[in-house]
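These are the residues of each chain, in order.
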There are 2 protein chains.
Amino acid sequence: MNTLNVELGERSYPILIGTGLLHDADLLKKHIPGKQVLIVSNETVAPLHAKALLDALDDRQVHLISLPDGEKFKNLDTLNLIFTRLLELGFDRSCTLVALGGGVVGDVCGYAAASYQRGVKFVQVPTTLLAQVDSSVGGKTGINHPMGKNMIGAFYQPQAVLIDIETLDTLPERELKAGVGEVIKYGLGLDLEFLNWLENNVDAILGRDRDALAHAIEQSCAIKARVVANDERESGQRALLNLGHTYGHAIETHTGYSSWLHGEAVGAGLVMASDLALAEGMIDKVTADRCRDLVLRCGLPVAPPEDMNSERFLALMARDKKTLDNNLRLVLMTGAGQSVCTSNFSSKNLTQLIDNY
Amino acid sequence: MNTLNVELGERSYPILIGTGLLHDADLLKKHIPGKQVLIVSNETVAPLHAKALLDALDDRQVHLISLPDGEKFKNLDTLNLIFTRLLELGFDRSCTLVALGGGVVGDVCGYAAASYQRGVKFVQVPTTLLAQVDSSVGGKTGINHPMGKNMIGAFYQPQAVLIDIETLDTLPERELKAGVGEVIKYGLGLDLEFLNWLENNVDAILGRDRDALAHAIEQSCAIKARVVANDERESGQRALLNLGHTYGHAIETHTGYSSWLHGEAVGAGLVMASDLALAEGMIDKVTADRCRDLVLRCGLPVAPPEDMNSERFLALMARDKKTLDNNLRLVLMTGAGQSVCTSNFSSKNLTQLIDNY
């Protein structure tokens, strides 16, 4: 087992990465505090993994709530299901929520923990690659609004992130690929060495090679932990973790959070971001091709949905959380493994690029 | 004008107390930041005071949302009205929300600010006595759940609290009295000198004597600012500000947040708390009578609704946010101007006391 730390002063916490963590009752008891525990999961994941947690914590008041599965349920109604259950159980400020599932479960559960009685403890137990490499670390929690992705939420750090790589054995192929979309983001935008490694190992990751998966997860978490420690509330560098996401979120909002997985939208977004950087002369053709090839090798889309014109795209992108005083800001590559968050690009290039897909 | 400060390090902010603040455009411009401003008010207050704010901020993108008036609208649906409006306006992370109204507007608006894009700035402009002396200061924001008062929310501090005493000129009599319920709480539980002053001046306050009102507001805010500075997230002393509130919240939840004003429920709660302290031998009859007399002089109820039996009361009180690991904790007076938060009381005394009303 490998342990990383997210260094945030009194809000610091460990990320534990290993195989079989969900069957290590002592470890679970140690890292999940409180006498009252609600495990928040969904209809798909709960049947696979909830029993292990319930058994390990049988010395507490432990309960399970199983949410409907899917990004389209990441909304106020689902959030309220958690509040109602907590109140029915009579859980108080000393309780702990455990997010057992993918990014949607982690985001909704984290925001519920941030909000219930103005804040209770929570622990992340991510079971998808996407959640393990990205969404479970860093304290971004929240829900979608029909008009915009992740528009409602809180910065709220967990007590611990427990990553059991074994849970990926049962992850559907499509979700595995979507998760790799978030992994390659780190290489493309922030770490050339990791990018080189990914180009040599992406097939092994997709083939679920345990060592390759472990390295990809550890490297991703290490990069994210470092960035978050320096910029918890995204006033600077943390925005770079959003490479490809402004386009991706627009696609997800346009499609009603139902047909594209988040990682798929990020895949297309990464290609769009590198194409714009190329048009702006910020990167060369070789670098842009590295991005596109890697996204293609992951089996992810390299273009937005056909029914999205540039007008619709720009309207949705304008709602991005990086927008400041009506100025759209985008994360653009400045080289392989390098990026910048900037409003300094030609909107004509952006429009043309979208129309060309 | 008088200025107090809530000292919370980088989250510190001023409380400005004076007459005519809403007509001082320079002061409003100075203390309300941002180019995008949404004024959050309600159908009753907006017609009286929104124009002054809109005019003063006419150099910004300034808009108004008018919520339905009343505690029963302090819920997720009303919160979502604010999010939808912010998204329709295309407001980004640099925007500011201004809460113009009483406690409900301040709590909902503050929680919307805490949550929109994971946190934007907000300013409190309280227009009821209750909001001016209590709810606008200290960063407790949130909404009610049908099963419990203030169960969903955030600790989230405003940028400033702007208290224009002139707004009390149009405050209905019933709301004025309810506000005094929160004022006397400070005297009874925390400050003997203020309690003595209140016993001599409560009639002047109820007669809207400007000097008496100003002194009551300043003293209340000063006590609250001091307590919050020492214990922002209520791990200790801040709980004392909840004197009378555990009973009061139970009454409000029982009556569906519609027939009793918050300050009225607190009035009855103060009497219940002092009666229990008397039964426990923590205070003498003279002190308990001082509490009851003061509540009576404010024209507030001194007993809970007749249809609440002790079983119902205890079930609702158990959901209080001070409850820890299933132990109900109550704020009880230990003398005039003194109190303690404790689980050390006889539940038989509590049950008997409720049944006796």
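Residues numbered from 1 in each chain as written. Chains lettered and ligands numbered in written order. Predicted model: local features only at pLDDT ≥ 70, side-chain atom pairs only at ≥ 80, totals over all residues. Heavy atoms only, no water.

As a further point, take the overall build of chain A. The number of helices and strands found in chain A is 13 helices and eleven strands. What you see for chain A is a C-alpha radius of gyration of 20 Å, in line with the 21 Å of a compact globule of 357 residues. Across its three principal directions, the C-alpha atoms of chain A cover 60 × 40 × 35 Å. Within chain A, buried positions represent 63% of all 357 residues. Look at the contacts in chain A between residues 6 or more apart in sequence, and 75% of them connect residues 24 or more apart. Per element, the accessible surface of chain A, about 12600 Å² overall, is 47% carbon and sulfur. (Helix = DSSP H or I, 4+ residues; strand = E, 2+ residues; numbered from the N terminus. Rg over C-alpha atoms; globule rule 2.2 N^0.38 Å. Buried < 20%, exposed > 50% of the residue type's maximum accessible area, 1.4 Å probe, protein only. Contact = heavy atoms within 4.5 Å. Areas by Shrake-Rupley, 256 points an atom, 1.4 Å probe, with all protein chains shown as cover.)

In total, this model carries four aromatic pairs over all chains according to the counting rule given. Centroid distance Phe122(A) to Tyr156(A): 6.1 Å. Interplanar angle 20°. Geometry classified as stacked. Within this pair, whereas Phe122(A) is found in strand 6 (residues 121–126), its partner Tyr156(A) is found in the loop between strand 8 (148–155) and strand 9 (161–164), the two being separated by 34 residues in sequence. Across the pair, Tyr156(A) and Phe122(A) agree in class, each one buried. Cation over ring: Arg118(B) sits above Phe155(A), and NZ or CZ is 5.9 Å from the ring centre. The ring of Tyr186(B) is capped by Lys185(B), whose NZ or CZ atom sits 4.6 Å from the centre of that ring. (Phe/Tyr/Trp six-rings, centres within 6.5 Å; stacked < 30°, edge-to-face > 60°. Lys NZ or Arg CZ within 6 Å of the ring centre and 35° of its normal.)

Before going further, it helps to spend a moment on the relation of the copies chain B and chain A. At an RMSD of 0.0 Å, chain B and chain A line up after a rotation of 180° and a shift of 0.0 Å along the axis. Taken together, the rotation angle and the small translation identify this as a two-fold axis. No C-alpha of chain B approaches the rotation axis more nearly than that of Leu76(B), which lies at 3.9 Å. (Least-squares fit on C-alpha atoms with pLDDT ≥ 70 in both.)

A few words now on the interface of chain B and chain A. Of the residues lining the interface, 38 residues belong to chain B; the matching set on chain A comes to 38 residues. Roughly 3700 Å² is buried in total at the junction of chain B and chain A, and carbon and sulfur atoms are behind 52% of that figure. Of all residues in chain B, the largest losses of buried area upon contact with chain A belong to Leu87(B), Arg93(B) and Arg118(B), amounting jointly to 23% of the total for that side. Taken together, the connections running from chain B to chain A amount to two salt bridges. Here Glu234(B) ties to Arg93(A) by a salt bridge, and the two come within 3.8 Å at their closest N and O atoms. At the junction of chain B with chain A, the criterion picks out eleven residue pairs in polar contact (both at pLDDT 80 or more). Breaking the side of chain B that touches chain A down by element, the ones donating at least two residues are helix 3 (76–88), helix 4 (103–115), strand 7 (140–145) and strand 8 (148–155) of chain B. Looking at the side of chain B that touches chain A, its residues break down into twelve nonpolar, 14 polar and twelve charged. (Buried area = accessible area lost by both parts, 1.4 Å probe. Salt bridge = Lys/Arg side-chain N within 4 Å of Asp/Glu carboxyl O. Polar contact = N/O pair within 3.5 Å; in protein donor to acceptor, adjacent residues only side chain to side chain. Nonpolar A, V, L, I, M, F, W, Y, C, P; charged D, E, K, R; others polar.)

Residue and element names in this part refer to chain B. Position of Gly-139 relative to the elements: it lies in the loop between helix 5 (129–135) and strand 7. A C-alpha to C-alpha distance of 17 Å links Gly-139 and His-245, two positions 106 residues apart in sequence. Those residues in contact with Gly-139 that lie beyond four places of it in its chain are Tyr-13, Ala-154, Phe-155, Tyr-156, Gln-157, Pro-158 and Arg-238.

Below, the discussion takes up the state of the cysteines. Residue and element names in this part refer to chain B. Applying the stated criterion across every chain, the model contains zero disulfides over all chains. Among the cysteines around Cys-109, which has no disulfide bond, Cys-95 carries the closest sulfur, lying 9.9 Å off. The exposure class of Cys-109 is buried, given its relative accessible area of 0%. Just so you know, Cys-221 is unpaired, no disulfide at all, and the nearest cysteine sulfur is the one on Cys-298, 17 Å from it. Take Cys-221: its relative accessible area is 0%, and that puts it in the buried class. (Disulfide = S-S within 2.5 Å.)

It is worth spelling out the packing of helix 12 (residues 310–317) of chain A against helix 13 (residues 347–356) of chain A at this point. Residues and elements named next belong to chain A. Following both chains from N to C, one finds helix 12 and helix 13 inclined at 125°, their axes separated by 9 Å at the closest point. Classified by the angle their axes make, helix 12 and helix 13 are oblique. Helix 12 and helix 13 meet at a crossing whose hand is right-handed. When helix 12 is examined against helix 13, the residues Ser-310, Phe-313, Leu-314 and Met-317 are found in contact with a partner set consisting of Leu-350, Thr-351, Ile-354 and Asp-355. When its residues are assigned to classes, the contact of helix 12 with helix 13 shows five nonpolar, two polar and one charged. (Axes fitted to C-alpha atoms, helices over the stretch in contact; angles between N-to-C directions. Parallel < 35°, antiparallel > 145°, perpendicular 65-115°, else oblique. Left-handed = near helix turned anticlockwise from the far one by under 90°.)

Moving on: the side chain of His31(A). All names here are of chain A. Position of His-31 among the secondary structure elements: in helix 1 (residues 25–31). Classification of His-31 by relative accessible area gives buried; the value is 18%. The residues touching His-31, leaving out its near neighbours within four places in the chain, are Pro-14, Leu-16, Val-123, Ala-160 and Leu-162.

Another aspect to go through is the packing of helix 10 (residues 262–279) of chain B against helix 11 (residues 285–297) of chain B. Residue and element names in this part refer to chain B. Contact pair helix 10 / helix 11: the axes reach a minimum separation of 9 Å and the direction vectors enclose 170°. The angle between the axes of helix 10 and helix 11 places the two elements in the roughly antiparallel class. Between helix 10 and helix 11, the contacting residues are Gly-267, Leu-270, Val-271, Ser-274, Asp-275 and Leu-278 on the first element and Lys-285, Ala-288, Cys-291, Arg-292 and Val-295 on the second. Classifying every residue of the contact of helix 10 with helix 11 by side-chain character gives six nonpolar, two polar and three charged.

Moving on, we come to the pairing of strand 8 of chain A. All names here are of chain A. Counted residue by residue, strand 8 has eight buried out of eight residues, so it is predominantly covered. Bridging between strand 7 (residues 140–145) and strand 8 involves five bridges; their strand directions are antiparallel. Opposite Thr-141, over in strand 8, you have Ala-154 as the bridge partner. Hairpin connection, strand 7 to strand 8: the antiparallel pair is bridged by two residues. (Pairing = 2+ DSSP bridges.)

Residue position: Thr167(B) is located in the loop between strand 9 (161–164) and helix 6 (173–190). Apart from residues no more than four positions distant in its own chain, Thr167(B) is found in contact with Leu22(B), His49(B), Pro126(B), Thr127(B) and Gln132(B).

Further remarks concern the environment of Ser274(B). Residue and element names in this part refer to chain B. On the secondary structure map, Ser-274 appears in helix 10. A relative accessible area of 0% places Ser-274 in the buried class. A sequence separation of 58 residues divides Ser-274 from Leu-332, and the C-alpha atoms of the two residues are 6.7 Å apart. For Ser-274, the residues in contact, after removing those within four places along its chain, are Ile-283, Ala-288, Cys-291 and Met-333.

A few words now on the confidence of the model for chain A. When pLDDT is averaged across chain A, the result is 96; 100% of the residues are at 70 or more. What the predictor reports for the complex is a pTM of 0.95 with an ipTM of 0.94. (pLDDT = per-residue confidence, 0-100.)

Our next topic: the pattern of salt bridges. All names here are of chain A. Summed over all chains, the structure comprises 42 salt bridges over all chains. Of the charged contacts, one joins Arg-11 and Glu-232 as a salt bridge, the two residues approaching to 2.4 Å between their closest N and O atoms. With Arg-11 in the loop between strand 1 (2–6) and strand 2 (13–18) and Glu-232 in the loop between helix 8 (210–230) and helix 9 (245–254), the pair connects residues that are 221 residues apart, well separated along the chain. Taking relative accessible area as the criterion, Arg-11 reaches 39% and is therefore assigned partly exposed. Here the residues in one salt-bridge network are Glu-71, Lys-74, Asp-107, Lys-149 and Glu-252, joined through shared partners.

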